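Chain residues, written in single-letter form:
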Amino acid sequence: KAGVTQTPRYLIKTRGQQVTLSCSPISGHRSVSWYQQTPGQGLQFLFEYFSETQRNKGNFPGRFSGRQFSNSRSEMNVSTLELGDSALYLCASSLYFTVPTDTQYFGPGTRLTVL
Amino acid sequence: AQKVTQAQTEISVVEKEDVTLDCVYETRDTTYYLFWYKQPPSGELVFLIRRNSFDEQNEISGRYSWNFQKSTSSFNFTITASQVVDSAVYFCALSGVSGGSYIPTFGRGTSLIVHP
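An account of the accompanying structure is given in this report. (Residues numbered from 1 in each chain as written. Chains lettered and ligands numbered in written order. Predicted model: local features only at pLDDT ≥ 70, side-chain atom pairs only at ≥ 80, totals over all residues. Heavy atoms only, no water.)

### Thoughts on the side chain of Gln2 of chain B
Residues and elements named next belong to chain B.
- In this structure, Gln2 sits in the segment before strand 1 (3-5).
- Within polar-contact distance, the side chain of Gln2 engages the backbone oxygen of Leu94 at 3.3 Å.
- Among the polar contacts made by the side chain of Gln2, one reaches the side chain of Thr105 at a distance of 2.8 Å. (Helix = DSSP H or I, 4+ residues; strand = E, 2+ residues; numbered from the N terminus. Polar contact = N/O pair within 3.5 Å; in protein donor to acceptor, adjacent residues only side chain to side chain.)

Now the structure itself:
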């Protein structure tokens, strides 16, 4: 069974640009969560999508948005990039809507560098 | 608000040594879940264990063991006879209910380096 895949793996952008990251969950999984990992703030929850609806949202500005498609694939978008958006963005999938009893499986992440 | 503290930023040991990674948490929820994840250099987090707040039984899985103590709000992780392949960053996480949903909070991670 293929794991969670994220594309691209590496990305370099400049301030003010926007970026779209993609995540394909494990086959059969319907929930996709996004996390940001930075040296300064650590690992932080961004948002979660289940059945094409955003179910949970972390404490991030509106520049961070996402969506989920009918095949459960998800994209996250960051508009008007700032230097502080440089991070490893991790995607995780699980069978159902995130409850702690449902194990999340993580992808390898997308390393975003904002210059 | 919930909080997870991993006071050890980095631990360096020699292979075959035992090592304990500390995790202290804060939450007002009576029902919550605690987790440990491993992040190898490749980047993806790997789930290791989950424990709910009503289950204080310690758990052992091979060389890994976990000690959950509600009285001290701690959920420590011990690796016995460490190996080079154990080198990674380990995260402790807490999921409590926030507005009816479970939002995970992670500690800052402990980088474990196992030298041959």
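Read on, since the account is not over.
### Some details on the packing of aromatic side chains
- Summed over the entire model, instances satisfying the criterion amount to 17 aromatic pairs over all chains.
- Between the aromatic rings of Trp66 of chain B and Phe77 of chain B, the centroid separation amounts to 5.0 Å while the plane-to-plane angle is 5°, which identifies the pairing as stacked. Residue Trp66 of chain B is located in strand 8 (residues 64-69), and its partner Phe77 of chain B is located in strand 9 (residues 74-79); the two are separated by 11 residues in the primary sequence.
- Taken together, Tyr35, Phe45 and Phe106 of chain A together with Phe35, Tyr37, Phe47 and Phe106 of chain B form an aromatic cluster joined through their ring pairs. (Phe/Tyr/Trp six-rings, centres within 6.5 Å; stacked < 30°, edge-to-face > 60°.)

### Thoughts on the sheet that holds strand 7 (residues 64-68) of chain A
Residue and element names in this part refer to chain A.
- The strand order across the open sheet formed by four strands is 1-3-8-7, and the pairing between neighbours is antiparallel. On the outer flanks of this sheet lie strand 1 (5-7) and strand 7, each paired with one strand and no other. The mean angle between the axes of side-by-side strands here comes to 20°, regardless of whether they run parallel or antiparallel.
- Bridge count between strand 7 and strand 8 (residues 74-78): five bridges; the pairing is antiparallel. Note that in strand 8 the partner of Gln68 across the bridge is Ser74. (Pairing = 2+ DSSP bridges. Axes fitted to C-alpha atoms, helices over the stretch in contact; angles between N-to-C directions.)

### With respect to the nonpolar core
- Counting 23 residues, the largest nonpolar core has Trp36, Phe77, Tyr90 and Leu112 of chain B as the members making the most contacts within it.
- Among the elements that take part in this core, strand 10 (residues 88-98) of chain B stands out by supplying four residues, more than any other.
- If you look at the next biggest cluster of nonpolar residues, it comprises 21 residues, including Val19, Ile26, Phe60 and Val114 of chain A. (Core = buried A, V, L, I, M, F, W, Y, C linked by side-chain atoms within 4.5 Å. Buried < 20%, exposed > 50% of the residue type's maximum accessible area, 1.4 Å probe, protein only.)

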